[in-house]
Amino acid sequence: MISEEVQRFLKALASEKRQEIVFLFMERKEVKVNQVSELVGISQSTASEQLAILKSGGLLSSRREGKEVFYFPNRNNVQSLLQALNDLLNHCCK
């Protein structure tokens, strides 16, 4: 059976905009909401929502500095979730 964690991970990656946000981290260690808004071409409120979904899905973590929130990849968790997904697919698709 698929875990809730893996389901949230897959849901977080189901949107093309969220995928685009994830790919921002290939060139950056961390980003702020306004940076995501500008780089992806969405409003700040939409960027906040999308980042929250990615964080809930285990792909991102965040830290606060004053009023600003910085998001960065949760690499260890992503690797763990990918391994869980791989194990599930190997088990069900033999």
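Check the entry above for the structure.
A. Molecular detail of the nonpolar core. Ile21, Val36, Leu51, Leu59, Leu60 and Tyr71 are the most contacted members of the largest nonpolar core, which totals 21 residues. Looking at this core, the elements that each hand over two or more residues are α1 (4-12), α2 (16-24), α3 (33-40), α4 (44-56), β3 (68-73) and α5 (75-92).

B. Structural detail: the side chain of Lys32. With respect to the secondary-structure elements, Lys32 resides in strand β1 (residues 31-32). Polar side-chain contacts of Lys32 include one of 3.2 Å to the side chain of Glu68. When near neighbours in sequence (up to four residues on either side) are disregarded, Lys32 contacts Glu68, Val69 and Phe70.

What counts and how
- Residues numbered from 1 in each chain as written.
- Predicted model: local features only at pLDDT ≥ 70, side-chain atom pairs only at ≥ 80, totals over all residues.
- Heavy atoms only, no water.
- Core = buried A, V, L, I, M, F, W, Y, C linked by side-chain atoms within 4.5 Å.
- Buried < 20%, exposed > 50% of the residue type's maximum accessible area, 1.4 Å probe, protein only.
- Helix = DSSP H or I, 4+ residues; strand = E, 2+ residues; numbered from the N terminus.
- Polar contact = N/O pair within 3.5 Å; in protein donor to acceptor, adjacent residues only side chain to side chain.
- Contact = heavy atoms within 4.5 Å.

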